[in-house]
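# Examining the three-dimensional arrangement
Listed below are the residues making up each chain.
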Amino acid sequence: MRDDTDYLPLSWLSQVDYCPRRAALLLNERVWVESVDTARGRAEHERVHDRRVERRGDALKLYEYTVFSDSMAIWGKCDCIEACRCEHGCHIRAADFPVALYPIEYKHGSVRRENSYMIQLCAQALCLEEMLNTTIPCGALFFISAHRRMEVEFTPELRATVRTRAATLRELRESMRVPPASYSAKCKRCSLREYCMPKVKTSAKGYCQRLTQEAAGEVEF
Ligand code: SF4
């Protein structure tokens, strides 16, 4: 059994997928830089973060449901889980009948099938499967502004990717390693671009960091 502090937030799997260096900077160096995108995303997400259960007949909606996986040592919250009566389903506290589960992750911005989104959603499903001994074949991304739902099938490939990203996240955490930057189109949208300096060569970056340390009095002349 793992210690509670070993569990990492499953939302960071999408950071690892986006860029391992970004995940390491966030996780190991506690860097956070707000951008228009992150601020908008946070504001829209906060609106849906309201823990409650809605019930209509044999259908329930669970908001802000905490999930975890011992095998991957991750935890997180599902924005919304739809639970419908199903003879072969699992049992949850909120219902006195077996249910089939369908997780939904809220997203901001334009409707798009982004890998990192699907990984986060699938990670939630894997947690639920492990917690409740059930099978969840698919879930959905819900784009708040566009008010559109996109179904995501939890294929064997997607499930394997989630486990690989979870292993990478753990390795980054345990080694405290920050991988070198690799400049790509993603960097243009990355809120850590200024801090990361992905176009600067390692030696120049080290020089800048030394200057910063000297300015802070951490390095002796
Ligand atoms: S700027 Fe590019 S290399 Fe640096 S953390 Fe962001 S995505 Fe990764």
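Provided above is the structure to which this section pertains.
Here's what I pulled together on the structure shown here. The shown structure was predicted, so the numbers you read here are calculated from the model rather than taken from an experiment.

A tally of regular secondary structure across the chain gives seven helices and seven strands. From first element to last, N terminus to C terminus, the chain shows the α and β order β-α-α-α-β-β-β-β-α-β-β-α-α-α. Counting across all 221 residues of the chain, residues that qualify as buried make up 44%. Within the chain, counting contacts between residues at least 6 apart in sequence, those at least 24 apart form 60% of the total. Surface summary for the chain: the accessible area is close to 12700 Å², and the carbon and sulfur share equals 52%.

Between helix 2 (residues 20–28) and helix 5 (residues 156–175), whose axes approach to 10 Å, the crossing angle comes to 45 degrees. By the criterion of interaxial angle, the relationship of helix 2 to helix 5 is oblique. As for how helix 2 packs across helix 5, the hand of that crossing is right-handed. On the side of helix 2, the interface is formed by Pro20, Ala23, Ala24, Leu27 and Asn28, while helix 5 contributes Leu169, Leu172 and Arg173.

This part is about the nonpolar core. In terms of nonpolar packing, the biggest core is built from 50 residues, with Leu13, Val99, Leu101, Leu128, Leu141, Phe154 and Val162 touching the most fellow members. Top element by residues in this core is helix 4 (residues 115–132). It accounts for 11 residues. Shared between two domains, this core holds at least three residues of each, these being domain 1 (4–179) and domain 2 (183–221). Those residues in contact with Val162, other than ones at most four positions away along the chain, are Leu13, Met72, Ile119, Cys122, Ala123 and Leu126. Counting nine residues, the second largest nonpolar core, distinct from the first, contains Cys80, Cys138, Ala140 and Ile144.

What follows covers the pairing of strand 7 (residues 148–153). As judged from the six bridges shared by strand 6 (residues 138–143) and strand 7, these two strands associate in the antiparallel manner. Bridge assignment links Ala140 to a residue of strand 7, and that residue is Glu151. Two successive antiparallel strands, strand 6 and strand 7, enclose a turn made up of four residues, where His147 displays a positive phi of approximately 55 degrees.

With that settled, consider helix 4. Compared with the 26 Å implied by 1.5 Å per residue over 18 residues, the 26 Å span of helix 4 between its first and last C-alpha is a close match. For helix 4, the buried fraction is high: 15 of the 18 residues fall into the buried class.

Okay, the side chain of Asn28 next. Mapped onto the fold, Asn28 is located in helix 2. A polar contact is formed between the side chain of Asn28 and the backbone oxygen of Leu172, at a distance of 3.0 Å. For Asn28, the side chain forms a polar contact with the side chain of Arg173, separated by 3.4 Å. Ignoring sequence-local partners within four residues, the contact set of Asn28 consists of Leu172, Arg173, Met176 and Arg177.

About the thresholds
Residues numbered from 1 in each chain as written. Predicted model: local features only at pLDDT ≥ 70, side-chain atom pairs only at ≥ 80, totals over all residues. Heavy atoms only, no water. Helix = DSSP H or I, 4+ residues; strand = E, 2+ residues; numbered from the N terminus. Buried < 20%, exposed > 50% of the residue type's maximum accessible area, 1.4 Å probe, protein only. Contact = heavy atoms within 4.5 Å. Areas by Shrake-Rupley, 256 points an atom, 1.4 Å probe, with all protein chains shown as cover. Axes fitted to C-alpha atoms, helices over the stretch in contact; angles between N-to-C directions. Parallel < 35°, antiparallel > 145°, perpendicular 65-115°, else oblique. Left-handed = near helix turned anticlockwise from the far one by under 90°. Core = buried A, V, L, I, M, F, W, Y, C linked by side-chain atoms within 4.5 Å. Domains from an automatic or database assignment. Pairing = 2+ DSSP bridges. Expected span 1.5 Å × (residues − 1). Polar contact = N/O pair within 3.5 Å; in protein donor to acceptor, adjacent residues only side chain to side chain.

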